Amino acid sequence: VLAMGGVAGLREMNLAQLSGMSAILLSGAALVSLSLVWQMIPGSLNRYSARTVLPLVAAAFLIGIAVLFPWRAPEAFWSRGSHCLGLGLLMSAASALPFGLLVRRGAPEANAVMGATLGAFAGLLSVAVLQFSCAHQDLGHLFFWHGSVLAGSIVAGAAIAAAFRRLAA
């Protein structure tokens, strides 16, 4: 997506925005991946519960946007945003598939929490790509549309894992 869409977001962000969002996205991905690994290892000590990590990562992302980006009057809010939402969810689904296959090998009895964690990881990857490629670097757009990609990925991951669990039973 970055190769096709370019890096317009990088050109629009200042140094504080770029470094702040990079730090939030990288540390969020690290926390979520650690949580996922701990869930995959039977009997391992979950140092940070996924039920704590997921809201914390989502809140850090949204707070980072609220603090770092300016509010601008929305121009074509729905048409600009629906593109980011659709593309973000598509990237999230595409990245969740190979990671889901890896997680399934390590934890064949996946539950909704593990699915939500996997969805959060895929959503963070997708949001990172959107953040650097999207030319609309304003608070309203990022908070609503890019935040919706992350939230939608988490909810979809939980729902898909719950559905697979019901089908396996």
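Nothing here was measured: the structure is a model prediction, and the numbers come from that model.

Rules of the game
- Residues numbered from 1 in each chain as written.
- Predicted model: local features only at pLDDT ≥ 70, side-chain atom pairs only at ≥ 80, totals over all residues.
- Heavy atoms only, no water.
- Helix = DSSP H or I, 4+ residues; strand = E, 2+ residues; numbered from the N terminus.
- Buried < 20%, exposed > 50% of the residue type's maximum accessible area, 1.4 Å probe, protein only.
- Phe/Tyr/Trp six-rings, centres within 6.5 Å; stacked < 30°, edge-to-face > 60°.
- Polar contact = N/O pair within 3.5 Å; in protein donor to acceptor, adjacent residues only side chain to side chain.
- Contact = heavy atoms within 4.5 Å.
- Axes fitted to C-alpha atoms, helices over the stretch in contact; angles between N-to-C directions.
- Parallel < 35°, antiparallel > 145°, perpendicular 65-115°, else oblique.
- Left-handed = near helix turned anticlockwise from the far one by under 90°.

Q: What am I meant to see in the environment of E75 here?
A: Inspection of the secondary structure puts E75 in the loop between α4 (50-68) and α5 (77-106). E75 sits in the exposed class, given a relative accessible area of 57%. Taking the C-alpha atoms as reference points, E75 and H141, 66 residues apart in sequence, are found 9.8 Å from one another.

Q: Can you walk me through the packing of aromatic side chains in this structure?
A: Ring pairs (aromatic) are described by centroid distance and by the angle formed between their planes. Under the defined criterion, the tally for this structure stands at seven aromatic pairs. Centre to centre, the rings of F77 and F144 are 5.7 Å apart; their planes meet at 45 degrees, and the pair counts as tilted. Placement of the pair is F77 in helix α5 and F144 in helix α7 (residues 139-168), with a sequence separation of 67 residues. Looking at F144, the relative accessible area reads 37%, which means it is partly exposed. A centroid spacing of 5.4 Å and a plane angle of 85 degrees characterise the contact between W78 and W145, whose relative ring orientation is edge-to-face. With W78 in helix α5 and W145 in helix α7, this residue pair connects regions lying 67 residues apart in the sequence. By relative accessible area, W78 is classed as exposed at 59%.

Q: Explain the side chain of Q39 here, please?
A: Relative to the assigned elements, Q39 resides in helix α3 (residues 15-40). Within the structure, Q39 has its side chain in polar contact with the backbone nitrogen of M114 (distance 3.3 Å). Side chain to side chain, Q39 and T117 meet in a polar contact 3.0 Å long.

Q: So what exactly am I meant to see when it comes to the environment of G157 here?
A: By the secondary structure assignment, G157 is in helix α7. Assessed through its relative accessible area of 14%, G157 is described here as buried. The spatial distance from the C-alpha of G157 to the C-alpha of A116 is 4.6 Å, given a sequence separation of 41 residues. Ignoring any residue separated from it by four or fewer positions in sequence, one finds G157 in contact with G115, A116 and G119.

Q: Any chance you could explain the packing of α4 against α7 here in plain terms?
A: Think of two packed helices as two axes; the pair is described by the angle between the axes and how far apart they sit. Contact geometry of α4 with α7 gives a least axis separation of 9 Å together with a crossing angle of 165 degrees. Classified by the interaxial angle, the pair formed by α4 and α7 is roughly antiparallel. By crossing handedness, the relation of α4 to α7 is classed as right-handed. Across the interface between the two elements, A58, F61, L62, I65 and A66 of α4 pack against L139, L142, F143, H146, G147 and L150 of α7.

Function-wise, these values are silent; they only describe arrangement.
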